[in-house]
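Examination of the molecular architecture
Below are the chains, spelled out letter by letter.
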Amino acid sequence: MLSVSIFILIQFCPAFAQEAGHIELKCLAESEIEVVNEKGEKEILRVKAAKVVPGDEVIYTIYYTAIGQEPVNDIVINNPVPEHMVYKEGSALGDCAEIKFSIDEGKSFDSPENLKVKDAEGNEHPAVAKEYTNIRWMLKHVVKPGQTGQVCFRARLE
Amino acid sequence: MGDKDILFGILIFFTKDEKGRKTVKPWNLFKKAAILALAFGLMMGMTKPVCAGGTHSGIQIGNMATVDYKMNDISQTPIESSPDGNSTPGIDGGESTTFVVDNKVNMTVITQDTAPVLVTPGGIGYYLTFLITNTGNTTQDYALSVNAVIQGGETKFNNQLDAFDMNNVRIRVDDGDGQYNDANDTADFIDELAPDANILVFIDANAPLTTKNGEYASYHLIATTHNGGALGLGALTEETEGADNADSVDIVFADANGTYDRRGDGQFSDQGDYKCVSSALIIIKTSEVISDPINGNLAPKRIPGAVIEYVTNIKNAPGAGAAADIQVSESLDYEITEGAITFDPDGYAEGYGIELTDSAGTITLTTLKDDEETGGDQGDFGGISGDNNTVTVTGISLDGGESAIIKFRVIIR
C-alpha cells in the first residue's frame with residue numbers, strides 16, 4: 001500500500017516530477033530494404049522496422065546528445081539484447097568506445113575472446129554471439145554540450 | 001521470473017527484469033495488467049512464443065538502452081532511451097523502441113510415398129499420402145486442392161509420363177491417428193494448424209477399368225494458406241501490401257515454390273503418382289500335325305485320320321502384375337458337331353487328353369472327363385454340364401514374365 005501511494009504521488013503531483021538530465025538518449029529500430037533508384041541501380045535503404053518476421057535483421061541505433069550546459073564524461077551505454085533476438089557477431093559499433101559484452105544478464109562484461117560458457121557437462125567453450133545477453137559501450141571521450149554521437153548493433157529475430 | 005517477482009511487480013508497478021528490459025509505460029495500468037496476465041500465461045505454458053518457424057506473430061519486441069554518465073566527475077542518475085529521445089533520469093523515464101513480430105506465412109507439403117501407389121484396374125480406395133507442416137509463426141488454416149497432371153506430363157517418380165486419370169478423386173485430412181481411414185478422415189481442409197505442427201492429408205481415388213499395366217496417373221496436392229483463429233476454414237490469407245505498421249501484425253509470404261505453385265504465393269504443393277499394375281496376358285495359339293494314316297510321324301499332312309495338336313501359350317508380360325485363377329476355355333463344339341474332327345481322349349496317355357505345362361515347367365496330364373462334374377480338375381473336356389465339346393483349363397497363376405502351355409489333340413475325320 002505504501003508503494004502504491006508513492007507511485008500515485010510521483011505520477012500525479014508535479015512537485016515530484018524529475019528535472020531533465022544532461023543527456024538525451026534515443027533508440028531507433030530499423031530494417032534494410034533494397035530499392036531501385038532513379039538511375040535504375042539497386043540501393044539499400046534503412047526504414048523504420050515494421051515488416052519484421054523471424055530471420056530478419058534489425059539495426060538498433062542509440063543516439064546520445066549532451067543537452068546540459070556542462071560537458072559529460074565517462075558515458076556508459078548498456079543495451080540488453082532484446083528478447084527473441086540474437087546479436088549479430090561483430091555488429092556492435094561506436095566511435096571512441098570500448099565495446100564489451102555480457103553473457104550473464106549484465107552482471108559482468110568482457111571482450112568476446114574472454115567470454116566463456118560451460119556446457120551441461122561442465123566443459124568450457126568460447127561464448128558465441130547468440131549467447132550474448134547485453135552490450136556495453138564505454139565512451140572514452142568527453143561529450144561537450146550540444147554534441148551528439150551514436151552507437152549501434154544488429155540483431156536477428158529468432 | 002518467479003511468482004514472488006510477479007507479485008512484487010504488481011505492488012510497485014514493475015521494476016526492470018534481470019536484463020533491465022522494460023516494455024510498458026508506467027501510466028498504463030490496463031496494459032500492465034494484460035502483460036502480467038500474458039507473462040503468467042507464458043509461465044503456465046498457455047502459449048509458446050518461439051517455434052521452429054520463429055518467434056510467434058503478434059509478440060512485441062522492445063528494446064531500451066540505458067546511459068550512465070558523470071558530470072564534473074560526479075555520477076548522475078541513469079537515463080533510459082525512448083524512440084523520440086528521453087532525457088528524464090531514472091527508472092521508467094524512457095520508453096521501449098518496439099515493433100510487432102509479423103506473420104511469416106510458410107508451410108511445406110511433402111509426399112510420404114517413396115514410390116508410385118500401385119493400383120489394379122477397377123480397384124477402389126487407393127490413396128496418396130502427404131505431410132503438411134506449418135513452418136510459419138502463426139496458427140493457420142489451409143485449403144486443399146488437387147491438380148491432375150495432364151496426360152503426357154511428367155510424373156513424380158521414375159521419369160514417366162502421365163497416361164490416365166483416376167476416378168472419384170477426393171481429399172481427406174487425417175483425424176490425428178496417423179493413418180488413413182475413409183470413415184473417420186472426412187475433413188477436406190486443415191483447421192487451426194499451429195506453428196511446427198503437421199498433419200497427414202490423403203488423396204483417395206479409384207482406378208478405372210480401362211487403365212493398362214504400367215500406366216501412371218499423377219497428382220499435385222496444393223495447400224493454400226487461410227486465416228486461422230476460429231473453427232472452420234478462415235478467409236484467404238493475403239499478403240500485406242503498401243506501408244507497414246510497426247504496431248500491427250503484417251503478413252509476409254515466405255513460402256518456397258512447390259511442384260505446382262510459385263515462391264511467395266502462400267501456397268505449397270507436392271506431387272504423387274498412381275501406377276497401374278495389372279496382368280498383361282498374351283495368348284498365342286498354334287497347331288501342328290502330329291501324324292497321319294499314310295505318312296505316320298514323318299512329314300504328316302492334314303488329311304482325314306491325321307492327328308492335330310493345338311498349343312495355347314499363355315504369357316504374362318514381364319513386370320506385369322500377377323494373374324491368378326486364369327481359366328482358358330476353347331469350344332470345339334462346331335467342328336465336332338459338323339463332323340470335322342473328334343477330340344483325342346488319349347492324346348498324351350490312355351485317358352489323358354490334355355497336357356498343361358505350368359509356369360514352373362511342370363507337366364500335368366489331366367483326365368478326359370471331370371470326375372466331379374464341377375470343373376474340379378484343372379483340365380477337362382466337356383466335363384461341366386452344358387460345356388460339351390469344350391476344352392477347359394482352370395487354376396493357372398502367372399506372375400509377370402511367366403507362361404503356361406496347354407496342349408490337346410484332335411483327329412480329322
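Predicted, not measured: the structure shown is a model, and the values here were computed from it.

1. Brief notes about the overall build of chain A
- Looking only at helices and strands, chain A features 1 helix and 11 strands.
- The 158 residues of chain A split such that 39% are buried.
- Summed over all atoms, the accessible surface of chain A reaches about 9000 Å², with 51% contributed by carbon and sulfur.

2. Details of the packing of aromatic side chains
Residue and element names in this part refer to chain B.
- Per the stated rule, a full pass over the model turns up 13 aromatic pairs over all chains.
- Ring geometry for Phe343 against Phe381: centres 3.9 Å apart, planes inclined by 5 degrees, an arrangement best described as stacked. Of this pair, Phe343 sits in strand β22 (residues 341–343) while Phe381 sits in strand β25 (residues 379–381), and the two are 38 residues apart along the sequence.
- The class of Phe381 is buried, set by a relative accessible area of 11%.

3. Details of the sheet that holds strand β18 (residues 267–276) of chain B
Residue and element names in this part refer to chain B.
- Strand order across the open sheet formed by 5 strands is β10-β18-β16-β12-β14, with mixed pairing between neighbours. Two strands close off the open sheet at either side, each with one partner strand: β10 (117–119) and β14 (189–193). For this sheet, the mean angle separating the axes of adjacent strands, direction not counted, is 30 degrees.
- Both strand β12 (residues 140–148) and β14 contribute to a ladder of 3 bridges, which runs antiparallel. Bridge pairing in β14 links Ala143 to Phe189.

4. With respect to the pattern of salt bridges
All names here are of chain A.
- Applying the stated rule across the entire model yields 12 salt bridges over all chains.
- Glu30 serves as the salt-bridge partner of Arg46, at 3.8 Å between the closest nitrogen and oxygen. Taken together, the positions of Arg46 in strand β2 (residues 42–48) and Glu30 in strand β1 (residues 23–36) put the pair 16 residues apart, joining distant regions of the chain.
- Classification of Arg46 by relative accessible area gives partly exposed; the value is 43%.
- A salt bridge links Lys42 to Glu34; its shortest N-O distance comes to 3.8 Å.
- Connected through shared salt-bridge partners, Glu32, Glu57, Lys88 and Arg154 make up one network.

5. Some remarks on the interface of chain A and chain B
- Each partner contributes to the interface: chain A provides 49 residues, whereas chain B provides 55 residues.
- Counting the contacts that link chain A with chain B gives 1 salt bridge.
- Note that Asp74(A) and Lys70(B) form a salt bridge whose closest N and O atoms lie 3.4 Å from each other.
- Counting across the chain A and chain B interface gives 15 residue pairs in polar contact (both at pLDDT 80 or more).
- Elements with a minimum of two residues in the side of chain A that touches chain B: α1 (2–12), β1, β3 (57–66), β4 (72–80) and β11 (148–157) of chain A.
- Looking at the side of chain A that touches chain B element by element, the count peaks at 9 residues for β4(A).
- Counted by class, the side of chain A that touches chain B contains 28 nonpolar, 11 polar and 10 charged residues.
- Summarising the sheet, β4(A) and strand β4 (residues 66–71) of chain B pair through 5 bridges and their orientation is antiparallel.

6. Brief notes about the sheet that holds strand β13 (residues 167–173) of chain B
All names here are of chain B.
- Here 4 strands make up an open sheet; going across it, the order is β9-β11-β15-β13 and the pairing antiparallel. Of all strands in the sheet, those with a lone pairing partner are β9 (107–111) and β13, marking the two edges. Looking at each pair of strands side by side, their axes are set apart by 20 degrees on average, direction ignored.
- As paired strands, β9 and strand β11 (residues 126–134) are joined by 5 bridges and run antiparallel to one another. Across the sheet, residue Ile110 finds its bridge partner in β11, namely Leu131.

7. Overview of the environment of Ala324(B)
- Here Ala324(B) is to be found in strand β21 (residues 323–331).
- As for Ala324(B) and Gly395(B), which are separated by 71 residues in sequence, their C-alpha atoms are 7.2 Å apart.

8. Considerations on the confidence of the model for chain B
Residue and element names in this part refer to chain B.
- Averaged over every residue, the pLDDT of chain B is 85; the share at 70 or more is 84%.
- In the model, residues 1–48 has pLDDT below 50 throughout and makes 61 contacts with residues more than four positions away in sequence or in other chains.
- Every residue in residues 371–376 scores below 50 in pLDDT, and together they form 10 contacts with partners more than four places removed in sequence or on other chains.
- Both scores are given for the predicted complex: the pTM is 0.72, the ipTM 0.87.

9. Details of the confidence of the model for chain A
- Per-chain confidence: chain A averages 89 in pLDDT, with 89% of residues scoring 70 or above.
- Low pLDDT, under 50, characterises residues 1–17 of chain A; the stretch is placed with 10 contacts to residues that sit more than four places away or in other chains.

10. Regarding the pairing of strand β15 (residues 198–206) of chain B
All names here are of chain B.
- Within β15, 8 of the 9 residues are buried, leaving the element largely enclosed by the surrounding structure.
- For β11 and β15, the ladder comprises 8 bridges, and the chain directions are antiparallel. Of the residues in β15, the one forming a bridge with Ile132 is Ile199.
- Bridge count between β13 and β15: 5 bridges; the pairing is antiparallel. Across the sheet, residue Val173 finds its bridge partner in β15, namely Val201.

11. A look at a nonpolar patch on the surface
- A surface patch of nonpolar side chains, amounting to about 250 Å² of accessible area, comprises Tyr352(B), Ile363(B) and Leu365(B).
- Mapping Ile363(B) onto the fold places it in strand β24 (residues 363–367).

12. Thoughts on the environment of Ala223(B)
Residues and elements named next belong to chain B.
- With respect to the element layout, Ala223 can be found in strand β16 (residues 216–227).
- In sequence terms Ala223 and Ser269 are 46 residues apart; their C-alpha atoms lie 6.2 Å from each other.
- Leave out the neighbours within four places in its chain, and Ala223 touches Val109, Ile132, Tyr142, Ala143, Leu144, Gly266, Gln267 and Phe268.

13. What about the state of the cysteines?
All names here are of chain A.
- Tallying each qualifying case throughout the model produces 0 disulfides over all chains.
- Here Cys27 is not cross-linked by a disulfide; its sulfur's nearest cysteine counterpart is in Cys152, at 11 Å.
- For Cys152, a relative accessible area of 14% translates into the label buried.

About the criteria used
The numbers attached to residues start from 1 for each chain and follow its sequence in the written order. Both sets of labels track the order of writing: A upward for chains, 1 upward for ligands. Local features in this predicted model are restricted to residues whose pLDDT is 70 or higher, and side-chain atom pairs enter the listing and the counts only when it is 80 or higher, whereas totals over whole chains, interfaces and linings include all residues. Note that water and hydrogens are dropped before the side-chain values are worked out from all heavy atoms of the structure. Helix and strand definitions here come from DSSP, where helices need a minimum of 4 consecutive H or I residues and strands a minimum of 2 consecutive E residues; each element is numbered from the N-terminal end. The classification of residues rests on relative accessible area computed with a 1.4 Å probe and restricted to protein chains. Under 20% of the type maximum is buried, over 50% is exposed, and intermediate values are partly exposed. Residue exposure ignores everything except the shown protein chains as possible cover, and the areas themselves are Shrake-Rupley values with a 1.4 Å probe. Note on aromatic contacts: the rings of Phe and Tyr and the six-membered ring of Trp form a pair at centre separations within 6.5 Å, being stacked when their planes are under 30 degrees apart, edge-to-face when over 60 apart, and tilted otherwise. Between any two strands, pairing holds if DSSP finds at least two bridges. As a rule, the C-alpha atoms of each element are fitted with a line to give its axis, helices using only the stretch in contact, and angles between N-to-C directions run from 0 to 180 degrees. By salt bridge we mean one thing: a side-chain nitrogen of Lys or Arg within 4 Å of a carboxyl oxygen of Asp or Glu. The contact definition used throughout considers only heavy atoms, calling two residues in contact when any of these lie within 4.5 Å. Whenever a nitrogen or oxygen atom comes within 3.5 Å of another N or O atom, the pair is scored as a polar contact, on the condition that within protein one atom can donate a hydrogen and the other can accept it, and that pairs from neighbouring residues in sequence are kept only if both atoms are in side chains. Put simply, Ala, Val, Leu, Ile, Met, Phe, Trp, Tyr, Cys and Pro go in the nonpolar bin, Asp, Glu, Lys and Arg in the charged bin, and everything else, Gly too, in the polar bin. A residue's pLDDT is simply how confident the predictor is in it, with values from 0 to 100. Here, patches come from residues exposed beyond 30% relative accessible area and free of salt bridges, joined within 9 Å for like charges and within 5 Å for nonpolar side chains (Val, Leu, Ile, Met, Phe, Trp, Tyr). For this text, the term disulfide refers to a pair of cysteine sulfurs within 2.5 Å.

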